[in-house]
Amino acid sequence: MSSSKEAWGSRVGLVLAMAGNAVGLGNFLRFPVQAINNGGGAFIIPYLVSFLLMGIPLLWIEWSMGRFGGKSGNHSTPYILDSMAKARWFKYFGVFGIWTNLAVAAYYCYIESWTMSYVMHSIGRTFDGMTQIQVADFFRQYVDITVTTTGIPYEAVIFYILCLFLNTWILSRGLSGGVERTAKIGMPLLILFGIFLAIRGLTLGTSGASEAHPDANAWAGINFLWEPQFDSLWNPKVWLAAAGQIFFTLSVGMGTIHCYAAYVKAKDDVALNAMSAGWMNEFVEVVLGSLIVIPIAAGYLGLNWVKENAGFGMAFQTMPFLFENWGPFLATLAGVFWFGLLFFAGITSSLAMGTPWMGFMEDEFKWGRKKSAWSFGFIVLVLGLPTVFLFNYGVFDEYDYWAGTVSLVIFALAESVLFAWVFGIDKGWKELTTGADMKVPDFYKFVIKYVTPVFLLFVFIGSVFSPLNGDWTGALSSLMNGQGWALDNGSIIRQLFNSGLREQIAAATDPLQKATLEERLAYIEGARILLSAVFLGICYLVYLAYRKRKLEGRPA
Amino acid sequence: MTAVAILTMITTMGIVTGFAVYFFFKVLSTPPKKDGEE
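Please read these numbers as outputs of a predicted model, since none were measured by experiment. Residue positions are counted from 1 within each chain, in the order its sequence is given. The order in which chains are written sets their letters, starting at A; the order in which ligands are written sets their numbers, starting at 1. Side-chain atom pairs in this predicted model are given and counted only at pLDDT of 80 or more, local residue features only at pLDDT of at least 70, and totals for whole chains, interfaces and linings cover all residues. Water and hydrogen atoms play no part in the side-chain values, which are based on all heavy atoms of the structure.

Student: Which parts of the structure should I look at to understand a nonpolar patch on the surface?
Tutor: Residue and element names in this part refer to chain A. For patch building, the residue pool is restricted to those with more than 30% relative accessible area and no salt bridge; the joining distance is 9 Å between like charges and 5 Å between nonpolar side chains (Val, Leu, Ile, Met, Phe, Trp, Tyr). Surface exposure here means Shrake-Rupley accessible area, sampled with a 1.4 Å probe, where a residue is shielded only by the protein chains that are shown. A side-chain nitrogen of Lys or Arg and a carboxyl oxygen of Asp or Glu constitute a salt bridge if their distance falls within 4 Å. Taken together, the side chains of Val-417, Trp-421, Val-422, Phe-446 and Tyr-450 present a nonpolar region at the surface, about 480 Å² in accessible area. Going along the chain from the N terminus, every DSSP run of H or I of four or more residues is numbered as a helix, and every run of E of two or more is numbered as a strand. Contributions of two or more residues to the nonpolar patch are made by α21 (395-422) and α23 (443-464). Topologically, Phe-446 is positioned in helix α23.

Student: Sorry if this is basic, but what is going on with the interface of chain B and chain A here?
Tutor: Where interface size is quoted, it is often the accessible area lost as the parts come together. In what follows, residue pairs with any heavy atoms lying within 4.5 Å of each other are defined as contacts. Each partner contributes residues to the interface: chain B has 21 residues there, and chain A has 32 residues. Buried surface area refers to the total accessible area, computed with a probe of radius 1.4 Å, that the two partners give up upon joining, counted for both partners together. Approximately 2400 Å² of surface area, both sides summed, lies buried where chain B meets chain A, with 78% of it carried by carbon and sulfur atoms. At the surface where chain B touches chain A, the tally comes to one salt bridge. Lys-33 of chain B is paired through a salt bridge with Asp-437 of chain A; the nearest N and O atoms lie 3.0 Å apart. For this analysis, a polar contact is any N or O atom pair within 3.5 Å, provided that within protein one partner can donate a hydrogen and the other can accept it, and provided that sequence-adjacent residues contribute only side-chain to side-chain pairs. The tally of links between chain B and chain A comes to four residue pairs in polar contact (both at pLDDT 80 or more).

Student: What exactly am I supposed to notice about the pattern of salt bridges here?
Tutor: Side chains that differ in sign of charge can pair as their charged atoms come close. In total, this model carries 20 salt bridges over all chains according to the counting rule given. Here the salt bridges share partners, and the residues they tie into one network are Arg-11, Asp-269 and Asp-437 of chain A together with Lys-33 of chain B.

Student: Before we go on, may I ask you to explain helix α15 (residues 293-301) of chain A in this structure?
Tutor: Two residues of an α-helix separated by three or four positions point the same way, owing to the 3.6 residues in each turn. Residue and element names in this part refer to chain A. Among the nine residues that make up α15, nine are buried, leaving the element largely enclosed by the rest of the structure. Listed as buried for α15 are Val-293, Ile-294, Pro-295, Ile-296, Ala-297, Ala-298, Gly-299, Tyr-300 and Leu-301. Residue Gly-302 follows α15 closely and has a positive phi angle near 90°. Each residue is placed in one exposure class: buried if its accessible area under a 1.4 Å probe, protein chains only, is under 20% of its type's maximum, exposed if it is over 50%, and partly exposed if it falls in between.

Student: Please clarify how the confidence of the model for chain B should be interpreted in this entry.
Tutor: For residues with low pLDDT, the predicted coordinates do not support detailed interpretation. pLDDT: the predictor's confidence for each residue, scored from 0 to 100. Summary statistics for chain B give a mean pLDDT of 90 and a share of 89% for residues scoring 70 or more. Model confidence for the complex: the whole-complex pTM is 0.94, and ipTM, which rates the interface, is 0.95.

In structure tokens:
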């Protein structure tokens, strides 16, 4: 039985914490951009298909695995996986479920700290009277930590440390007193803030048109987002983008869901809870996420501007300027609501990232909750400071690529095979349906066994061999004609060898530019070494835990 | 906005909101299990 003293205080708290884990910055910033770039309204078809065939099965797999592991006192992925398979090496696959969280938390807390800082700037009316270019420059200066935007030296670093301190402190208060309480406050506020901004986006219409942007029209933005371009459905790039979005938005393949579910009582439901948290995340993403950034930007800057500039940076580089059109009071309110919303979306996710490490150290080395939480904070600080100081040198992106993208797919593929084929679909199905407060459709047994692993395999292969500019049709015909397969710089193979950057270095003629690129390559490789060292360090801890368990006569 | 865009948006948002409300309501309205109950 579990020796952990941690437990969820209530079922609603658990569902809100799980939904908070899934709802993140990507719901508001990544989803609308992906939809616009991949067929507008037609994107929703592969998106929902991916949710039904990959997202929901993975949620059920991870919840079931977590509760199964929790029954024998395992609250983190190494020994959850170990408890499900005879092969001893499976526990080392579980290292992904700790490592990913440490690495993602390191840069994720940095974005979260921007939202904290921007709430302060919204209240202080920093953006009052600024032009759009000045607001964008403000952000560039903010992340260039050598420049101070407000007179506070190293403001970005200070806010990062404050943000990490807050996360660690909440984690040290425990699951029920810290994480669950934060979710119970944060999730309703996030939805409330989102509804306020979505109503503004939906009702803005043509009222934001100006001399500079006479064609500005919020409805044109919504129309562009939802007008289906059905021909895009035949493009594999669109399907991969939809599947990728489902991954990011549900926080599957990370190890956080297993950890949260490990604290569910053995006879309690997992099937309905998973569905509730999953659909709540979809509501925030599809309904609120699509009605804020794009309509408001199109309402003041026009659709063409949105098409050219749609991206992650709009949240910080554009939105504060747009809010200024609403007058001082509403601009302040909207700024606090927007960045507050992003903050709550961020913190409910970053808190989840702390629990797998804590669960592992508490289970295996009998560390107390506070010691586990502060050690998490310390590791994330050490890992995260390079992303803060070297943000402009690609370190942040390097963490995001390996920990926040590739690792998720590898781990999800491994766990889906483990659940359906090694543990066995019959045992897995029994685990999922035990205590279920809903009827799980029988055809999901087939989906979990065959469809989800194959779907994930395609996503993985698609990431390894991503063709140039995502042009699958062109790449296939080129291959058929014997002209080879041109890989995109974003493919795993070219990323692994930093091929794109190396080609840039080779082509550079200006010595200064060459030196800058070489410096960038050195930092990226340094970041990779650091991430690898952390991964190997966790592997060693798992080995020590194995030795300790053997000595104590526990299942190892 | 075109009719097809409005239809796509309302249908999608209706489905997503409907499921989110339905499942959350089911969570709220299902009584907790007693010890030994499955």
